[in-house]
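# Results of the structural survey
Next come the chains, spelled out residue by residue.
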Amino acid sequence: MQTPVAAAWLAAALVFSGPSIVRADVVDYLGKSVEAVSLRREGRTVTDPKLFEVVETKLGQPLAMAAVRETIAHLFSFGIYEDVRVRATSAGAGVLLTYELLPLHPVTRLSFTGADSAGIDEGRLRRIVMERFGASLRIGRAGEIARVLEDALRQVGYLHPRVTSRADVEHVSEQSTLVFAIQPGERTQIGAVNIEGSLGVPIQDLLVRLDVEKGAPYEREALNARLDRFIESRRSRGHYEARATVSPQLTDNDRTVNLTIAVTLGPLVRVVFKGDALPPKRRDDLVPIVREGSADEDLLEDSSNRVEEYLRAQGFRDASAPHLREEADGELLVTFTVKKGPVYRVARVEISGNAHFSSTTLADRLRTREGQPFAAANLGADLAAIEDLYRREGFASVQIQPASEPLAPPSGGTDVPVAVRIVITENIRTLVNSVDIRGNEHVPEAELRDTLSLQPGRPYVSTQMAIDRDALLLLYANLGYPNAAVDSNPGIGPDGTNADIVFMVREGPRVLVDHVLVVGNVRTKTGTIERELQFKTGDPLGLAAVTESQRRLAALGLFRRVRITELRHGDGTHRDVLVSVEEAPLTTIGYGGGFEVRLRVVRSADAPDVASEKLEVAPRASFTVGRRNLFGRNRSVNLFTSASLYPRNSPVFTKQASTSNDAGGFGFPAYRTIGQFREPRVFGTSADFRVTGGLEQQIRSSFNFSRRSASAEIAGRVGRNVSMTGGYQVQRTRVFDQSVDTSQQRLVDRVFPKVLLSSFSASVIRDTSDDLVDATKGQYLSVNGQLAARAIGSEVGFGKSFLTAKMFRSVSRTSRVVLAGSARLGVAAGFPREVGQTDSQNKPVVDAEGRPVIGSLRDLPASERFFAGGDTTVRGFALDQLGVRHTPPLPNDTIDSSGFPLGGNGLVIFNGELRLPLRGGLGVVGFVDTGNVFKRVVDIDLGELRTALGFGVRYKSPVGPIRVDLGFKTHRRENEGLTAWFVTFGQAF
């Protein structure tokens, strides 16, 4: 909304610029027809349509002073002109108007002269200016900036600097450069240094720590900062009352400064607790001498009170903890003598006087319960809760009196039983008899009543009446009535049982949007900004519309700063709305690095026919670069690439490499490069359009693959929590280095080692979880479908769907323990295709007459089948190790006879976790995972599921949760390891 500064600036502009020019030139033409209007800026004609939209002197209409003034006001509202002048000339029987615009020439660059010769860091000066004045500088603030620069120079020893400024204006671009000429003068140097007081360290050591020596530049702030660090180091050693001051004495015309540094170390403070014991972990919180770095009497008195309050909350009603200060031989001994006394424990709680609520209902709200330690603070909170409950039911004058009486302790007992009594006097209950709204002229009463919670027949609550009054004000503000006022009268009857509530409304004038002015956008199209605005010319200027517009513009990610300002002019019922933006950089660059750790199935070097597990560790790096706001329409392009580095003799390169160490060097067997173009709100809808191209090579346990792909998809939201995506994808995938037994290899993998797939896909997601990375409550449900067919260019046809359901629940309202569960179901089926059969050597199979044997191909390619096992599926199993395996092998096996995965068309996975946070971002997790991979959907058998149990550690780092999990197989089979462990980012699900 309009700020006082903006209003004053606009008013001054109108008074001193507009009227004087108008009277001098335009007044003689009033009443004549406007034949033409032109805008000129520094001698050039302006054709910007958004400027002509605010011109009120319309063609063909008589020239009126009010229209000229309104036009000047609108033009000033853009905030980019220093002055607006109007000139009128004859044009036949009419008049030609010319508005001369004098731009402010925003400062886009800072320059410094004279800094290098004095050894002054220009980068530091530029940062000081940006931190103090922001990135949007104006020439008019040059003097203020110069003063700030002079202060910065004084901090580094130039005590008499002089900084002057000038503006170099570029009239073509209408931008300017602020040039600051720096004359630092002579730099003050340190002369004599005198150290006084008790230091605790040798003087020379202190001088080294302070970096103080004769002839060094006098940098006041830096010296004070180093002295503060020295004092903090003394306080960390127990000298909590350590103090230090610096006294400078300037000589020789301020060319030299003599320093006197006075240090008071203070006594060594030692805290002792006597009497009854306090938990060691609570001592620093209750007696915060170390944290506060002080041992003054006020802090010690507060500490005694904290200790006593803590013990009384534990039931020690008579607890005391006085302190004693004793100073001797340079040591301050602070002794807290703790006396707990007996424990007072609640023996019974009696509630009386209650008629409206049952005793059971009230008792359920109490923290003071039988058998618990008695604490007066808890009882006070219970009384406030009961009183609030009654007041919400209309008992405004309810009275609650507590009483507590110690009883005789039982024979041989040490605890003191306490009988607690709560006496309630309910008094009169007030109900709402009627609700009347008066004074509303333009807003229907029904619309106003919909915002009220107080209704006839409900309890009268004074605080709720205030809330309803504010709700009416907010409704009016959202409808464009910023000056509306609402008064309320409860109208309580003589007996206090009924309330006839009256809301008296004074609507005031409705404010409408006159013009929407967008400034500050250089690269971003004005239409892109206006598309996010929730108001337009002629609409009511509502508070909610302005707030939502600001949120939408900020969510675009295109701007550093967005400000929406209301500018008042004219009759007061219309406002110009100024949308001022500061654009963010177009290009973003990011990079990262780390290690990839995973357990994978490889061919054993000792027994090539048997698969074994190997822990692989490889460095991994990623790089991303993005360019946003293409063509000024919030389009963006991004490129992401990542790669993992492995030695050449690693099994990830070839399946034969595991038995040979001849290869040397390193390579990148796993990499991914993805480029994406994104256009939000495609075709004027709320959906996003994305085109993605990818090039990747990845490592699996039984094969490696390389892929080139391209896809186009449209994604959008349907409601608050539901999103939908639909798209098309084409990809060429080559499978190589296959490790599976050739006799069990699928026909599709022999016929199509390089396969072209063309498919359509769709997905629906419903997500109510509270956090995308580390959810603690809510649900997640997604359904994905994919259809590939030869009719659309695919060499292999299939249908595939995947269902994911997740649930997150807190164990209790006050506990941070989270119970998380996940279920995943994948089903797929290939479309039949007749192909020539091949043998294990990939040679065509022929019949007795030499004709090719034709077979029906129904399997999915290896790169499209389901695999399981690893850190996100069933922990306890290595990557892709999960599957069905029989001895001897059966046709429906998904693990071959050597132990390598074949994949399948059916997948079932269930996961459960109990997440328990500890402290400092650390947490532990216990989990159970179960699932399996099946060759066909009809082969899915829950009796074949494999289970793993385990535990893990979580750490909430600044980049997300770091996860370490260790899983154990529950029914280990021959040649299987017992455990598998994983290190990665993010939760398992």
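Residues numbered from 1 in each chain as written. Predicted model: local features only at pLDDT ≥ 70, side-chain atom pairs only at ≥ 80, totals over all residues. Heavy atoms only, no water.

Moving on to the overall build of the chain. Within the chain one finds 18 helices and 40 strands. Over its C-alpha trace the chain gives a radius of gyration of 39 Å, far above what one expects of a compact globule, namely 30 Å for 989 residues. Once the C-alpha set of the chain is aligned to its principal axes, its extents read approximately 110 × 110 × 85 Å. By the burial criterion, 42% of the 989 residues in the chain qualify as buried. Summarising the internal contacts of the chain: among those between residues at least 6 apart in sequence, 61% fall at separations of at least 24. Per element, the accessible surface of the chain, about 49,800 Å² overall, is 53% carbon and sulfur. Side chains of the chain carry 122 positive and 116 negative charges; the gap between the two charge centres is 4 Å. (Helix = DSSP H or I, 4+ residues; strand = E, 2+ residues; numbered from the N terminus. Rg over C-alpha atoms; globule rule 2.2 N^0.38 Å. Buried < 20%, exposed > 50% of the residue type's maximum accessible area, 1.4 Å probe, protein only. Contact = heavy atoms within 4.5 Å. Areas by Shrake-Rupley, 256 points an atom, 1.4 Å probe, with all protein chains shown as cover. Lys, Arg positive; Asp, Glu negative; His and termini not counted. Charge placed at Lys NZ, Arg CZ, Asp CG, Glu CD.)

Look at helix 5 (residues 122–133) against helix 6 (residues 142–155): their axes get within 10 Å of each other, and the N-to-C directions meet at 130 degrees. It follows that helix 5 is oblique to helix 6 by the angle criterion. As helix 5 runs across helix 6, the sense of the crossing is right-handed. Here Arg124, Leu125, Ile128, Val129, Arg132 and Phe133 of helix 5 lie close against helix 6, whose contacting residues are Glu144, Ile145, Val148, Leu149 and Ala152. Tallied by class, residues from the contact of helix 5 with helix 6 come to eight nonpolar, no polar and three charged. (Axes fitted to C-alpha atoms, helices over the stretch in contact; angles between N-to-C directions. Parallel < 35°, antiparallel > 145°, perpendicular 65-115°, else oblique. Left-handed = near helix turned anticlockwise from the far one by under 90°. Nonpolar A, V, L, I, M, F, W, Y, C, P; charged D, E, K, R; others polar.)

Let's shift gears to the packing of aromatic side chains. What describes a pair of aromatic rings is the distance from one ring centre to the other and the angle between the planes of the rings. A full pass over the atoms with the stated rule returns ten aromatic pairs. Site record: aromatic cluster; members linked through ring pairs are Phe357, Tyr390 and Phe395. The ring of Tyr344 is capped by Arg317, whose NZ or CZ atom sits 4.4 Å from the centre of that ring. (Phe/Tyr/Trp six-rings, centres within 6.5 Å; stacked < 30°, edge-to-face > 60°. Lys NZ or Arg CZ within 6 Å of the ring centre and 35° of its normal.)

A separate point is the confidence of the model for the chain. Put simply, the chain has an average pLDDT of 86, and 93% of its residues get 70 or more. Scored below 50 in pLDDT, residues 1–24 shows 35 contacts in the model against residues more than four places distant or in partner chains. (pLDDT = per-residue confidence, 0-100.)

Glancing now at the pattern of salt bridges. Tallied over the entire structure, the rule returns 57 salt bridges. Of the charged contacts, one joins Arg141 and Glu144 as a salt bridge, the two residues approaching to 3.2 Å between their closest N and O atoms. On the basis of relative accessible area, Glu144 is assigned to the partly exposed category, the value being 36%. The residue Arg954 makes a salt bridge to Glu913 at a minimum N-O spacing of 3.3 Å. Residue Arg954 is located in strand 38 (residues 946–957), and its partner Glu913 is located in strand 36 (residues 906–917); the two are separated by 41 residues in the primary sequence. (Salt bridge = Lys/Arg side-chain N within 4 Å of Asp/Glu carboxyl O.)

Another point: the side chain of Asn521. Inspection of the secondary structure puts Asn521 in the loop between strand 20 (512–519) and helix 16 (526–532). Within the structure, Asn521 has its side chain in polar contact with the backbone oxygen of Thr524 (distance 2.9 Å). Those residues in contact with Asn521 that lie beyond four places of it in its chain are Lys50, Thr526, Ile529, Val581 and Glu583. (Polar contact = N/O pair within 3.5 Å; in protein donor to acceptor, adjacent residues only side chain to side chain.)

A word on the pairing of strand 10 (residues 256–264). Of the pairings in the sheet, the one linking strand 8 (residues 189–197) to strand 10 comprises seven bridges and is parallel in character. The residue of strand 10 that forms the bridge with Asn194 is Thr260. Note: strand 9 (residues 243–251) against strand 10, nine bridges, orientation antiparallel. Bridged to Ser247 within strand 10 is Thr260. If you look at the hairpin formed by strand 9 and strand 10, you'll find four residues sitting between the two strands, and Asp252 has a positive phi there, around 55 degrees. (Pairing = 2+ DSSP bridges.)

With that out of the way, let us pick up a nonpolar patch on the surface. Together, Phe595, Leu615, Val617, Leu916, Leu918, Leu922, Val924, Val953, Tyr955, Val964, Trp981 and Val983 give the surface a local cluster of nonpolar side chains, amounting to about 1,000 Å² of exposed area. Listing elements by their share of the nonpolar patch, those giving two or more residues are strand 24 (611–630), strand 37 (922–934), strand 38 and strand 40 (979–985). By secondary structure assignment, the location of Val964 is in strand 39 (residues 960–969). (Patch = residues over 30% accessible without salt bridge, like charges linked within 9 Å, V, L, I, M, F, W, Y side chains within 5 Å.)

Time to look at the packing of helix 7 (residues 203–210) against helix 8 (residues 220–235). A pair of packed helices is captured by two measures, namely the crossing angle of their axes and the spacing between those axes. Direction vectors running N to C along helix 7 and helix 8 enclose 130 degrees, while the axes themselves pass 9 Å from each other. Between helix 7 and helix 8, the crossing angle belongs to the class labelled oblique. Facing Leu206, Arg209 and Leu210 of helix 7, the residues of helix 8 in contact are Leu223, Arg226, Leu227, Phe230, Ser233 and Arg234.

Moving on, we come to helix 7. When we look at burial in helix 7, the residues that qualify are Leu206, Leu207 and Leu210. Looking straight down helix 7, one finds that the buried residues subtend no more than 100 degrees of arc, so they occupy a single side. Opposite its buried face, helix 7 presents the exposed residues Gln204 and Val208, each directed more than 90 degrees away. For helix 7, the elements touching its buried residues are strand 8, helix 8 and strand 10. (Arc of directions from axis to C-beta.)

Moving on to the nonpolar core. One finds Leu51, Leu63, Val84, Leu97 and Tyr99 to be the most contacted residues of the largest nonpolar core, which totals 27 residues. Taken together, the elements giving at least two residues each to this core come down to strand 1 (34–41), helix 4 (65–77), strand 3 (81–91), strand 4 (94–103) and strand 20. Within the second largest apolar cluster, 23 residues are counted, among which are Val107, Phe133, Val148 and Leu153. (Core = buried A, V, L, I, M, F, W, Y, C linked by side-chain atoms within 4.5 Å.)

The mixed open sheet is built from three strands, whose spatial order is 8-10-9. Strands with a single pairing partner mark the edges of an open sheet, and in this sheet they are strand 8 and strand 9. The average angle at which neighbouring strand axes cross in this sheet is 20 degrees, direction not considered. Relative to the sheet, helix 7 contacts strand 8 and strand 10, its axis offset from that of strand 8 by approximately 130 degrees. Lying on the sheet, helix 8 is in contact with strand 9 and strand 10; it crosses strand 9 at an angle near 155 degrees.

Before going further, it helps to examine the environment of Gln729. Mapped onto the fold, Gln729 is located in strand 29 (residues 722–736). The exposure class assigned to Gln729 is partly exposed, which follows from its relative accessible area of 26%. Taking the C-alpha atoms as reference, Gln729 lies 57 Å from Phe180; in sequence the two are 549 residues apart.

This brings us to the environment of Val577. Examined against the element boundaries, Val577 turns out to sit in strand 22 (residues 574–583). Ignoring anything within four residues of it in the chain, the contact list for Val577 reads Val513, His515, Val516, Leu517, Phe535, Leu541, Ile564 and Thr565.

The next point concerns a negative patch on the surface. A contiguous patch of negative charge, built from Asp296, Glu297, Asp298, Glu301 and Asp302, is present on the exposed surface. Here Asp298 lies in helix 11 (residues 297–313).

Trans is the common state for peptide bonds, and a negative phi is the common state for residues other than glycine. Between Thr887 and Pro888 the backbone carries a cis peptide bond, its omega angle lying at -5 degrees. Structurally, Pro888 is set in the loop between strand 35 (854–857) and strand 36. The phi angle at Glu42 is positive, at roughly 50 degrees, despite the residue not being glycine. Of note, Glu42 is situated in the loop between strand 1 and strand 2 (44–46). The phi torsion at Asn629 lies on the positive side, around 60 degrees, for a residue other than glycine. Along the chain, Asn629 turns up in strand 24. Residue classification places Asn629 among the buried positions, given a relative accessible area of 6%.

This part covers helix 17 (residues 543–555). Along its 13 residues, helix 17 runs 18 Å from first to last C-alpha, staying within 8% of the 18 Å computed at 1.5 Å per residue. Turning to helix 17, its buried residues number three or more, namely Ala545, Val546, Ser549 and Leu553. All buried residues of helix 17 project into a common sector of 95 degrees when viewed along the axis, lining one side. Once helix 17 ends, the next one or two residues include Gly557, with phi positive near 75 degrees. (Expected span 1.5 Å × (residues − 1).)

With that settled, the discussion passes to the side chain of Ser822. Inspection of the secondary structure puts Ser822 in strand 33 (residues 818–830). Beyond its immediate sequence surroundings of up to four residues, Ser822 is in contact with Ala805, Lys806, Ile909, Phe910, Asn911 and Phe989.

All right, on to the sheet that holds strand 11 (residues 268–275) then. Read from one edge to the other, the open sheet built from three strands follows the order 11-13-12, with strand pairing classed as mixed. Every interior strand has two partners, whereas the edge strands, strand 11 and strand 12 (323–328), have only one. When strand polarity is set aside, the average angle formed by the axes of neighbouring strands in this sheet is 20 degrees. Alignment of strand 11 against strand 13 (residues 331–338), held across eight bridges, turns out to be parallel. Among the inter-strand pairings, Val269 is bridged to a residue of strand 13, identified as Leu332.

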